[in-house]
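Chains, contacts and geometry: an overview
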Amino acid sequence: MVVFYACNFKGFFDKVMLKDFAYKITEKGLQDLLTNIKKTTIITTSSTDKKLAKRAIENGLINSICSDIGISNIVWLHCSNTKKRRNKENYLLKK
């Protein structure tokens, strides 16, 4: 299992979401270059409900950013109402 914390997530974007690596700008717009990624799982944890994160994750990250660079077949798991680290770990182990 790979775990990204906020700083790791930003680092991932800084290193992967690069012009001519993740996408290319053409006369017709963006050309996706990461079409070789066959499946992606996004796991988020929060002390709030999934409904609050849905707009940012589904509309922003999954349906916009990931699709623009060629990443598809995405599963999103959200562990909500986690206030203690142990609750998050137990939830993720059950998935």
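Please refer to the structure placed before this passage.
Read on for an overview of the structure. (Residues numbered from 1 in each chain as written. Predicted model: local features only at pLDDT ≥ 70, side-chain atom pairs only at ≥ 80, totals over all residues. Heavy atoms only, no water.)

**Considering the nonpolar core**
- Membership of the largest hydrophobic core comes to 14 residues, with the highest contact counts inside it found for L34, I57, L61, I69 and W76.
- If you list the elements that add at least two residues to this core, you get α1 (6-16) and α2 (50-69).
- Broken down by element, this core gets its largest block of residues, six residues, from α2.
- Ignoring anything within four residues of it in the chain, the contact list for L61 reads F9, F13, I42, A56 and C66. (Core = buried A, V, L, I, M, F, W, Y, C linked by side-chain atoms within 4.5 Å. Buried < 20%, exposed > 50% of the residue type's maximum accessible area, 1.4 Å probe, protein only. Helix = DSSP H or I, 4+ residues; strand = E, 2+ residues; numbered from the N terminus. Contact = heavy atoms within 4.5 Å.)

**Digging into unusual backbone geometry**
- Despite not being glycine, D20 has its phi angle at roughly 70 degrees, a positive value.
- Note on D20: relative accessible area 55%, which makes it exposed.
- Although it is not a glycine, N73 sits at a positive phi angle of roughly 55 degrees.
- Positionally, N73 belongs in the loop between α2 and β4 (74-79).
- Classification of N73 as partly exposed rests on a relative accessible area of 48%.

**Structural notes on the side chain of T44**
- Relative to the helices and strands, T44 is located in strand β3 (residues 40-45).
- Residue classification places T44 among the buried residues on the basis of a relative accessible area of 16%.
- T44 has contacts with I57, W76, L77, H78 and C79, leaving out every residue within four places of it along the chain.

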